[in-house]
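# Inside the fold
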Amino acid sequence: MQIERTDSKNLVVNGLPDGSKVIVDSKNEKVYALNATAGAAWDACIGQTTLSKVADDMRRSCNPSITDELAQQTIQELREKELVKTSASFPKASRRAVLAGMGAVALPLVVSMTMGQQRALAQEARSNPDPSCGKFDDRPTAHVSHKSGETL
Amino acid sequence: MSSLDQAFHDARSFREVVHQAPTRSYQSGGHCFGVCLYGFKIHVEAPSLEVMELLARCVFPSIPRTDIAFSRADICLRVVQKAHEFHLYRGDGFVASTSRADKLLRILIDCLDRAFIEGVRTLSAVHAGAVLLGDLALLFPGASHSGKSSLVAELLRHGAICYSDEYALIDSEGLVHAYPRPLLLRNGGSEQTAVLPFELNARVASSPAEVGWILSLQYEAGGSWKIDEVPQSLALLSLLRNTPHTLADSPQIVRSFRRAVAGARCFEGQRGESSDAVCQIMRLALASR
């Protein structure tokens, strides 16, 4: 089974010192945050590869105790977020097998946010509505556009 | 005494001077002053010295006053008295009116916040409380009404140095700069009071700093302190969720924020009351140095 990244051309990858990554996909307008485990799997997917090679690479770059099951779980996470594609479906790794291989390794984590969501949050952060505004006893009359010389 | 303790001691013994406003009278008998913050020019006019003193307290009081002409300012805020009412204008546009000038201050601060965020070119803002502990900045990103101001105030009372209770300003190298507006503290009700850092025995940071810690905290009334260390990538996402800049229009913010989180330890979780949270934060800061 082959594994490869879905679209590297439109992705900007920001690596961080703790091994985690933030990937900005300008074409699909998404931002992804990967923890170090998912980041190691992402790094391993440069070019076409296989699950066993991904697991080997993750063991080398991230943690020697990473199991094949954990590598598989990580690739599944990346595939669900459409960051990698696989030539066939994986059999689902059993939770017990994944947890058994955990040791000191963090479970893979991939969190995404669309740029639309980010835009909405930015607007919220800009508007900064304070509910106390307008609740004064002496309530200000607000936000009607007038010129300074006009009767208000 | 550790460098952290020394910094706290220095902050406690510091007394900051508020730059008083009255600088210039103009033809109609009013008064005006200017402030330049990171290249963003503000012109303020008031109808009397009394109102001018109120405004001086709210418009970046720790920044020296200068003479900025109405025509050269990025924003002009004017309070005009008409009969028994005070009217606030942004440029020529009416914003609000009330019979007491002090009731306009919260709206004036909001106007100034928005204009600054839209106008500043060299810095990226994050909606976050920010203080200096030792020589590193602590950020706690969060939306309005998430308790940032009360937590900043409590940290200042414990010797931290103030960057902001509202916006952490981050430069292209990832360093944090002060946004020196007054703290807006609730007095138990819905109304907010402008409090200056020196009134809490603290001062505003005068130089930028690297980020040492990022804490994304949810306030739970009566709750206890529960946090987990998270990857730096999640902290970067938290900064993106709390910035007023849109990623589509300002893609460079990712680079600035990446540099900001690169040296930080990052945590997410919940906190209870500010007094308890501050003890935990101080413990965390001391333990990680």
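Read on for an overview of the structure. A quick note: this is a predicted structure, and the numbers were derived from the prediction, not measured.

## Focus on the side chain of Arg 5 of chain A
Residues and elements named next belong to chain A. Its location among the elements puts Arg 5 in strand β1 (residues 3-5). We note that Arg 5 is buried and unpaired, the nearest opposite charge coming from Asp 43 at a distance of 4.4 Å. A polar side-chain atom of Arg 5 sits 2.8 Å from the main-chain carbonyl oxygen of Trp 42. Once residues lying within four places of it in the same chain are set aside, the contact partners of Arg 5 are Trp 42, Asp 43, Cys 45, Ile 46, Leu 83, Val 84 and Lys 85.

## A word on the packing of helix α1 (residues 36-44) of chain A against helix α2 (residues 51-61) of chain A
Angle between the axes and distance between the axes are the two parameters that describe a pair of packed helices. All names here are of chain A. Two elements in contact, α1 and α2, have axes separated by 9 Å at closest approach and are oriented at 125°. Relative to α2, α1 is oriented oblique. Both α1 and α2 take part in a crossing whose hand is right-handed. For the pair α1 and α2, the contacting residues are Thr 37, Ala 40, Ala 41 and Ala 44 in the first and Val 54, Asp 57, Met 58 and Ser 61 in the second. When grouped by side-chain class, the residues that make up the contact of α1 with α2 number 5 nonpolar, 2 polar and 1 charged.

## Remarks on the packing of α1 of chain A against helix α3 (residues 68-80) of chain A
All names here are of chain A. Contact geometry of α1 with α3 gives a least axis separation of 9 Å together with a crossing angle of 85°. Taken together, the axis directions place α1 and α3 in an arrangement best described as roughly perpendicular. Of α3, the residues touching α1 (which contributes Thr 37, Ala 38, Ala 41 and Trp 42) are Leu 70, Thr 74, Ile 75 and Leu 78. By residue class, the composition of the contact of α1 with α3 is 6 nonpolar, 2 polar and no charged.

## Here we look at helix α6 (residues 253-262) of chain B
Of all the positions in α6 of chain B, only Ile 253, Val 254, Ser 256, Phe 257, Ala 260 and Val 261 of chain B are classed as buried. All buried residues of α6 of chain B project into a common sector of 160° when viewed along the axis, lining one side. Here the buried face of α6 of chain B lies against β2 (11-15) and β3 (21-25) of chain A together with β8 (124-133), β11 (167-170), β15 (211-219) and α5 (232-241) of chain B.

## Structural notes on the sheet that holds β3 of chain A
All names here are of chain A. The 4 strands lie next to each other as β2-β3-β4-β6, forming an open sheet whose pairing is antiparallel. Each having just a single partner strand, β2 and β6 (110-114) make up the two edges of the open sheet. Recorded for the sheet is a direction-independent mean angle of 15° between the axes of neighbouring strands. Where β2 lies against β3, 5 bridges are found, and the strand directions are antiparallel. When the bridges of β3 are listed, Asn 14 appears paired with Val 22.

## Observations concerning unusual backbone geometry
Within the chain, Glu 82 of chain A stands out as a residue other than glycine whose phi angle is a positive 65°. Position of Glu 82 of chain A among the secondary structure elements: in the loop between α3 and β5 (84-86). The class of Glu 82 of chain A is exposed, set by a relative accessible area of 55%. At Phe 60 of chain B, a position not held by glycine, the phi torsion is positive, near 40°. Here Phe 60 of chain B is to be found in the loop between α2 (49-58) and β4 (65-66). Judged by its relative accessible area of 1%, Phe 60 of chain B is buried.

## Quick notes on α1 of chain A
The element α1 of chain A is largely enclosed, with a buried count of 7 among its 9 residues. Restricting attention to buried positions, one finds in α1 of chain A the residues Thr 37, Ala 38, Gly 39, Ala 40, Ala 41, Trp 42 and Ala 44 of chain A.

## A word on the state of the cysteines
Scanning the model with the defined rule gives 0 disulfides over all chains in all. The structure places no disulfide on Cys 62 of chain A, whose sulfur is separated from the nearest cysteine sulfur, that of Cys 45 of chain A, by 13 Å. Overall, Cys 62 of chain A belongs to the partly exposed group, its relative accessible area being 31%. Cys 76 of chain B carries a free sulfur, and the closest cysteine sulfur to it, the one in Cys 32 of chain B, is 10 Å from it. Residue class for Cys 76 of chain B comes out buried when judged on its relative accessible area of 7%.

## Details of the packing of aromatic side chains
Counted by the stated rule, this structure contains 7 aromatic pairs over all chains. Between Phe 60 of chain B and Tyr 179 of chain B, the ring centres sit 5.2 Å apart and the planes meet at 70°, which makes this aromatic pair edge-to-face. In this pair, Phe 60 of chain B sits in the loop between α2 and β4 while Tyr 179 of chain B sits in the loop between β12 (176-177) and β13 (183-186), placing the two residues 119 residues apart along the sequence. When the ring of Tyr 89 of chain B is compared with that of Phe 94 of chain B, the centres are 5.9 Å apart and the planes differ by 70°; the resulting orientation is edge-to-face. Classification of Tyr 89 of chain B as buried rests on a relative accessible area of 0%. Here the aromatic residues Tyr 38, Phe 40, Phe 60, Phe 116, Tyr 167 and Tyr 179 of chain B are joined through ring pairs into a cluster of three or more. Lying over the aromatic face of Trp 42 of chain A, Arg 5 of chain A brings its terminal NZ or CZ to 4.0 Å of the ring centre.

Rules used in this analysis
- Residues numbered from 1 in each chain as written.
- Chains lettered and ligands numbered in written order.
- Predicted model: local features only at pLDDT ≥ 70, side-chain atom pairs only at ≥ 80, totals over all residues.
- Heavy atoms only, no water.
- Helix = DSSP H or I, 4+ residues; strand = E, 2+ residues; numbered from the N terminus.
- Buried < 20%, exposed > 50% of the residue type's maximum accessible area, 1.4 Å probe, protein only.
- Lys, Arg positive; Asp, Glu negative; His and termini not counted.
- Salt bridge = Lys/Arg side-chain N within 4 Å of Asp/Glu carboxyl O.
- Polar contact = N/O pair within 3.5 Å; in protein donor to acceptor, adjacent residues only side chain to side chain.
- Contact = heavy atoms within 4.5 Å.
- Axes fitted to C-alpha atoms, helices over the stretch in contact; angles between N-to-C directions.
- Parallel < 35°, antiparallel > 145°, perpendicular 65-115°, else oblique.
- Left-handed = near helix turned anticlockwise from the far one by under 90°.
- Nonpolar A, V, L, I, M, F, W, Y, C, P; charged D, E, K, R; others polar.
- Arc of directions from axis to C-beta.
- Pairing = 2+ DSSP bridges.
- Disulfide = S-S within 2.5 Å.
- Phe/Tyr/Trp six-rings, centres within 6.5 Å; stacked < 30°, edge-to-face > 60°.
- Lys NZ or Arg CZ within 6 Å of the ring centre and 35° of its normal.

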